Amino acid sequence: MTVDKIKEIKCFILDMDGTIYLGNELFDFTKDFLNKVEETGREYYFFTNNSSKSQQAYIDKLGNMGIHIEPKQMMISSHVMIKYLKEKHPGETIYVVGTPSLINEFKTFNMPLVDENPDIVILGFDTTLTYEKISKACHYIRNGCTYYGINQIGIVQWKVVHLFQTAVPWPN
């Protein structure tokens, strides 16, 4: 892309983890880039497909990194799903496989959540996943429930903690 083409862009929609920061650390270029966008009279928004946290959690995370935004600048995949369900499945009951934060996002928008016999199963990125949640979701889906996944991601980065370190020489 040429510099002239970049100058034509009026709004930037940016992914977050791995794009402007990694984990809890901003990339060196992030603040300079965002300042340049603002200085040139353009806008930027953030979008994440990670449904495990609330919109406010992401706003707070960015704030802790020195990036202060308005809620309208933070878009999350769970809000896209909620909007879709309100339009295409109004009043249908929902069982959510997800973190407490994801479930609270659905509650904030007055979505009809149930634990038994839902019309729809929502599968989110769940760092609190249990056998019970999976078992229920599988049962409902096998019995004909409509189901949707909020975010599909091929690679998930986890911090690995080694409890024991062993070194075994490679046999010759």
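See above for the structure.
Heads up: these notes are all about the structure in this document. (Residues numbered from 1 in each chain as written. Predicted model: local features only at pLDDT ≥ 70, side-chain atom pairs only at ≥ 80, totals over all residues. Heavy atoms only, no water.)

### Quick look at the side chain of Thr48
Step number 1: Here Thr48 is to be found in strand E4 (residues 43-48).
Step number 2: Looking at Thr48, its side chain comes within polar contact range of the main-chain nitrogen of Asn50, at 3.1 Å.
Step number 3: With sequence-adjacent residues up to four places away left out, Thr48 is seen in contact with Asp15, Met16, Tyr58, Met74, Met75, Ile76 and Ser77. (Helix = DSSP H or I, 4+ residues; strand = E, 2+ residues; numbered from the N terminus. Polar contact = N/O pair within 3.5 Å; in protein donor to acceptor, adjacent residues only side chain to side chain. Contact = heavy atoms within 4.5 Å.)

### A closer look at the environment of Gly98
Step number 1: With respect to the helices, strands and loops of the structure, Gly98 is situated in the loop between strand E6 (94-97) and helix H5 (100-108).
Step number 2: Under the relative-accessibility criterion, Gly98 is labelled buried at 1%.
Step number 3: Separated by 27 residues in sequence, Gly98 and Phe125 place their C-alpha atoms 6.0 Å apart.
Step number 4: Setting aside its immediate chain neighbours within four residues, Gly98 contacts Ile103, Asp126, Thr128 and Lys133. (Buried < 20%, exposed > 50% of the residue type's maximum accessible area, 1.4 Å probe, protein only.)

### Considering the sheet that holds strand E7 (residues 120-123)
Remark on secondary structure: sheet strands pair via backbone hydrogen bonds, oriented parallel or antiparallel.
Step number 1: Within the open sheet, the three strands sit side by side as E6-E7-E8. Their pairing is parallel. In this open sheet, the two edge strands, each paired with only one partner strand, are E6 and strand E8 (146-149). Pairs of neighbouring strands in the sheet enclose a mean axial angle of 20 degrees, with direction left out of account.
Step number 2: Pairing geometry for E6 and E7, over four bridges, is parallel. Of the residues in E7, the one forming a bridge with Val97 is Leu123.
Step number 3: Contacts between helix H6 (residues 131-142) and the sheet are confined to E6, E7 and E8, with E6 contributing the most and set at about 140 degrees to the helix. (Pairing = 2+ DSSP bridges. Axes fitted to C-alpha atoms, helices over the stretch in contact; angles between N-to-C directions.)

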